[in-house]
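Working through the structure, step by step
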Amino acid sequence: MSEETQDHSNQVSIASTQKEKILKEEREKAVEMVKIANFRGMEQDPYPSPFLNLSDTKIPETSQEIFRWCKYFYMFDPLISGAINALSAFPVTEVYLEDIEDKEKANNGDSDRLKTYDRVFHKNINIHKLLIEIGIDYHLYGNCFVFGEMAVNKMTGLKEWKNMVRLDPSKMTIDYNPTTQEKVYKWEIPFSIARIVKNKKPKAEYNKIPDIIKKAVLENKMVILNSKNVYHFARATDSLGDNNVWGTPIVANVLKLLMYRNTLRQAQEAIAREHIVPMRVYYLQRTEEFNPEADWNLVAKNFAGELMKAVKDPNYKVVSPVPVNLLSVGGQGKSLLLTPEIQQIQEEILAGMNVPREFIFGGVSYSGSSISLKILENQFITYRVLLKDFMQNFGVKGMAKARGEWINEKDDEQLVSVKMTDLKMQDDVQQKQLIIQLNGAGKCSNEYMWKTIGIDPDKMRDALEREALAAVELESKVNIKRMEMQLSEMDIQFKLQQKQVEISSVLQAHQANASQMVQSEMGVDPAAMMAPEGQQPGVPPNGEAIATPKQQPPNVQTGAGVTEAAQANTAPPPNAQSEEDPLSSINPDVKNIVVQIMKLPKAYRDKPISTLPNSMQKQVRTAMQQLEKSEEMKKKSQIDMRQMPEKLPPRRDSLK
């Protein structure tokens, strides 16, 4: 370390600026000025200068003293604290990250790099809270120093931000070289940490302190910070003097007005104490009937005791032996209050801080304060650019350098980008309605309309796409359900028609059997009934007779069972299949499926079979073929086993 750096590190406070030197010289000249005479011929101390007032004699000479006054007013002045908090929190909106290198995966949330940066910014750093804290230091002290600490992640083996903290501006020193634009940041170790290092107590806290800080405390030096891990926020200031790298606190611009307002408040407090509550004086009045030798002190003492009882009990009635009069002193404080003067000073303070009055007390509207809002919006836009530079170039780029993801400027476009949602300073309903009307007329894009309303276009497009797909899917499900219901209704109608056809065929068969039985009972050949006109029954068209066996009446045994012919007809054919179940050798599950499918018409059997696994489809189709063959064999081998009627119907001749 060079001698120049060592001498600079031993300094306790920051050197005063050139402006402070000018004010100091003016004060020294004012003290040396001679006294002047007034119109009474008396002498009095003049003001230090025609350009200064009494508060200028107490202007802080060092930046540390200015910082202490800024902290005091921020802690105890509601006007300053409200303005600082509003300026710090209002421009901070939602922070989100985008991965440009793998945009498709990033949109689906599958980018590992995007997940890493998102975890670091929102969990390790807590970026939203940090940005608000940065704004408080930036607007209150004019400067904010953010120091970031990196650590190796044990899971990935790569470096990432462990935390980011703000440093006390009053403990910082900046060595600035105007020719090379280089800055060296030095940090004065706080007294609390230095005491732990010197006493080595408590032991647990002492072990946590890094060795470089311990060495600096023992050598009574400042710690030189790595400029790559320090980001300095500084408000704009003038170029006068060598200390122009420091920003001017916003409170310093109105410090004299704050002192003057405090003077008015002190006067108002004195007025409130002396003149708001009147002082009441009670006095006793003598009368002609009163004993002149009476002890008036005793009477007054007794009356004072009565007043004390009335104070304790408002319902107590005071009785006095002599008339009592009352004098009220004071009470005119309301006319002496300095409220209008204080309000005027407050407006001047807010104007000096570049904060509209409505921004603190409410009532901001686009139509009423468009100019004030525009000025404030431009101020916030500039501040947000500074915040984005901090997050992108210091946060993302610094971490990418440590991880080896950034080598040169060509890699800037491949880094994860940090963005903030748009800042809306106005809520003009008429303007939004006009934008919506233009969009409906095709004169404005949907993206611009969404941004005007305050909606993220990408999120809105994704939401509309999801809703459209969900609507199509729901409609397809409804159509499929409707078709299934229609198919089931058609199936039921088909089965009903099939049953009707079966019933009609059975009825026709019964009617045909009954007519044949009647004709055979009457001795009429059914074939003769069907012979054409002009042809004898039983004679073919060529004239040859056909030998027919003589019909004999059936030998009916009443109550003794069936006839011999019926018994002969009941004998099964030699090639008849056994009544064994053809599906007995098939898996029971497959058998149940086959039975259920066979109940359906053939036109509707393929659809349920296609829903089965491939291995089961083959078994089901094979079993269905076996079952169909067995049913056909049963139909061929069936014989009419119905008995002949015991009582024959009467002949037609007998009815005549």
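Residues numbered from 1 in each chain as written. Predicted model: local features only at pLDDT ≥ 70, side-chain atom pairs only at ≥ 80, totals over all residues. Heavy atoms only, no water.

Our focus in this paragraph is the overall build of the protein chain. Tallying secondary structure elements over the protein chain gives 24 helices and 12 strands in all. Within the protein chain, the proportion of its 656 residues that are buried is 27%. In the protein chain, of all internal contacts separated by at least 6 residues, the share reaching a separation of at least 24 is 68%. (Helix = DSSP H or I, 4+ residues; strand = E, 2+ residues; numbered from the N terminus. Buried < 20%, exposed > 50% of the residue type's maximum accessible area, 1.4 Å probe, protein only. Contact = heavy atoms within 4.5 Å.)

The next subject is a nonpolar patch on the surface. A cluster of nonpolar side chains, M279, V281, Y283, L327 and V329, forms an exposed patch at the surface whose accessible area comes to about 430 Å². Among the elements that line the nonpolar patch, the one with the most residues is strand β10 (residues 279-284), at three residues. One can find M279 in strand β10. (Patch = residues over 30% accessible without salt bridge, like charges linked within 9 Å, V, L, I, M, F, W, Y side chains within 5 Å. Areas by Shrake-Rupley, 256 points an atom, 1.4 Å probe, with all protein chains shown as cover. Salt bridge = Lys/Arg side-chain N within 4 Å of Asp/Glu carboxyl O.)

This brings us to the packing of helix α3 (residues 63-76) against helix α4 (residues 78-89). The interhelical angle for the contact between α3 and α4, taken along N-to-C directions, is 95 degrees, at an axis separation of 5 Å. Judged on the interaxial angle alone, α4 and α3 are roughly perpendicular. Between α3 and α4, the contacting residues are F73, Y74 and F76 on the first element and P78, I80, S81, I84 and N85 on the second. Considering only residue class, the contact of α3 with α4 consists of six nonpolar, two polar and no charged. (Axes fitted to C-alpha atoms, helices over the stretch in contact; angles between N-to-C directions. Parallel < 35°, antiparallel > 145°, perpendicular 65-115°, else oblique. Nonpolar A, V, L, I, M, F, W, Y, C, P; charged D, E, K, R; others polar.)

Along the chain, the position of R235 falls in the loop between β9 (230-234) and α11 (255-276). D238 provides the closest opposite charge to the buried, unpaired R235, separated from it by 10.0 Å. Not counting the four nearest positions on each side in its chain, R235 is found in contact with Y138, H139, G142, G247, T248, P249, I250 and N253. (Lys, Arg positive; Asp, Glu negative; His and termini not counted.)

This brings us to the sheet that holds strand β4 (residues 143-152). One open sheet holds the three strands; their spatial order is β5-β4-β9, and the pairing between them is antiparallel. Each edge of the open sheet carries a strand with a single partner, namely β5 (159-167) and β9. On average, each strand axis in the sheet is tilted by 20 degrees relative to the strand beside it, whichever way the strands run. Here eight bridges tie β4 to β5, and the two strands are oriented antiparallel to one another. Bridge pairing links M150 to W161 in β5. Across the face of the sheet, helix α7 (residues 127-141) comes into contact with β4, β5 and β9 while running at roughly 150 degrees to β4. (Pairing = 2+ DSSP bridges.)

Here the focus is unusual backbone geometry. The peptide bond linking K201 to P202 adopts the cis configuration, its omega dihedral lying at -10 degrees. Within the secondary structure layout, P202 lies in the loop between α8 (191-199) and α9 (203-208). In this model, N126 sits at a positive phi of 55 degrees, which is unusual for a non-glycine residue. Residue position: N126 is located in the loop between α6 (112-124) and α7. Accessibility expressed as a relative area gives 36% for N126, which makes it partly exposed. Even without a glycine there, the phi angle at N220 is positive, about 60 degrees. Mapping N220 onto the fold places it in the loop between α10 (211-218) and β8 (223-224).

Let us now look at the packing of aromatic side chains. On inspection of all chains with the given rule, the structure shows 17 aromatic pairs. Geometrically, the ring pair formed by F145 and Y185 is edge-to-face, given 6.0 Å between the ring centres and 75 degrees between the ring planes. Here F145, found in strand β4, pairs with Y185, found in strand β7 (residues 182-187); they are 40 residues apart in sequence, far enough to count as distant. Of the residues examined, F145 reaches a relative accessible area of 0% and is grouped as buried. Judged by its relative accessible area of 7%, Y185 is buried. Between W161 and F394, the aromatic rings sit 5.3 Å apart at their centres with planes inclined by 25 degrees, giving stacked as the arrangement. Taken as a pair, W161 in strand β5 and F394 in helix α15 (residues 370-403) lie far apart in primary sequence, 233 residues in all. Across the pair, F394 and W161 agree in class, each one buried. Aromatic ring contacts, followed pair by pair, group F67, Y141, F145, Y185 and W246 into a single cluster. (Phe/Tyr/Trp six-rings, centres within 6.5 Å; stacked < 30°, edge-to-face > 60°.)

A few words on the packing of α3 against α7. The interhelical angle for the contact between α3 and α7, taken along N-to-C directions, is 115 degrees, at an axis separation of 10 Å. Viewed along their axes, α3 and α7 form a crossing whose handedness is right-handed. Together, F67, C70, K71 and Y74 of α3 and I136, L140 and Y141 of α7 make up the contact between the two elements. Considering only residue class, the contact of α3 with α7 consists of six nonpolar, no polar and one charged. (Left-handed = near helix turned anticlockwise from the far one by under 90°.)

What follows is about the sheet that holds strand β6 (residues 172-177). Taken in spatial order, the three strands make up an open sheet running β6-β7-β8, and their pairing is antiparallel. Here the strands that pair on one side only, and so sit at the sheet edges, are β6 and β8. Bridging between β6 and β7 involves six bridges; their strand directions are antiparallel. Within β7, the position partnered with N177 by the bridge is E182.

What follows concerns the environment of Q379. In this fold, Q379 is placed in helix α15. Distance from Q379 to L87, taken between C-alpha atoms, is 9.7 Å for residues 292 residues apart in sequence.

It is worth spelling out α3 at this point. Every α-helix winds through 3.6 residues per turn, so residues three or four apart in the chain are directed the same way. Here α3 spans 20 Å end to end across 14 residues, near enough to the 20 Å set by a 1.5 Å rise per residue. Of the residues making up α3, those classed as buried are S63, Q64, I66, F67, C70, F73 and Y74. (Expected span 1.5 Å × (residues − 1).)

Here the focus is the nonpolar core. Membership of the largest hydrophobic core comes to 51 residues, with the highest contact counts inside it found for I80, I84, M172, V251, I349 and M353. The leading source of residues in this core is α4, at six residues. Not counting the four nearest positions on each side in its chain, M353 is found in contact with I80, A83, I84, I250 and V254. If you look at the next biggest cluster of nonpolar residues, it comprises 32 residues, including Y117, V396, V416 and M420. (Core = buried A, V, L, I, M, F, W, Y, C linked by side-chain atoms within 4.5 Å.)

On to the pairing of strand β3 (residues 95-99), then. Burial along β3 is one-sided: the residues V95, L97 and D99 are buried and none of Y96 and E98 is. Across five bridges, the pairing between β3 and strand β12 (residues 416-420) is antiparallel. Within β12, the residue paired with D99 across the bridge is V416.

For the rest of this paragraph, the subject is the pairing of β9. Among the five residues that make up β9, four are buried, leaving the element largely enclosed by the rest of the structure. Bridge count between β4 and β9: five bridges; the pairing is antiparallel. Across the sheet, residue F145 finds its bridge partner in β9, namely H232.

This part covers the side chain of R384. Examined against the element boundaries, R384 turns out to sit in helix α15. A polar contact of 2.8 Å, which involves the side chain of R384, links it to the backbone oxygen of T421. (Polar contact = N/O pair within 3.5 Å; in protein donor to acceptor, adjacent residues only side chain to side chain.)

Bringing the confidence of the model for the protein chain into the picture now. Residues of the protein chain with pLDDT of at least 70 account for 73%, and the chain-wide mean is 76. Confidence drops under a pLDDT of 50 for residues 34-44, and excluding neighbours within four residues, the segment shows eight contacts in the predicted structure. Counted against residues more than four places away or in other chains, residues 536-579, with its pLDDT under 50, gives 20 contacts. (pLDDT = per-residue confidence, 0-100.)

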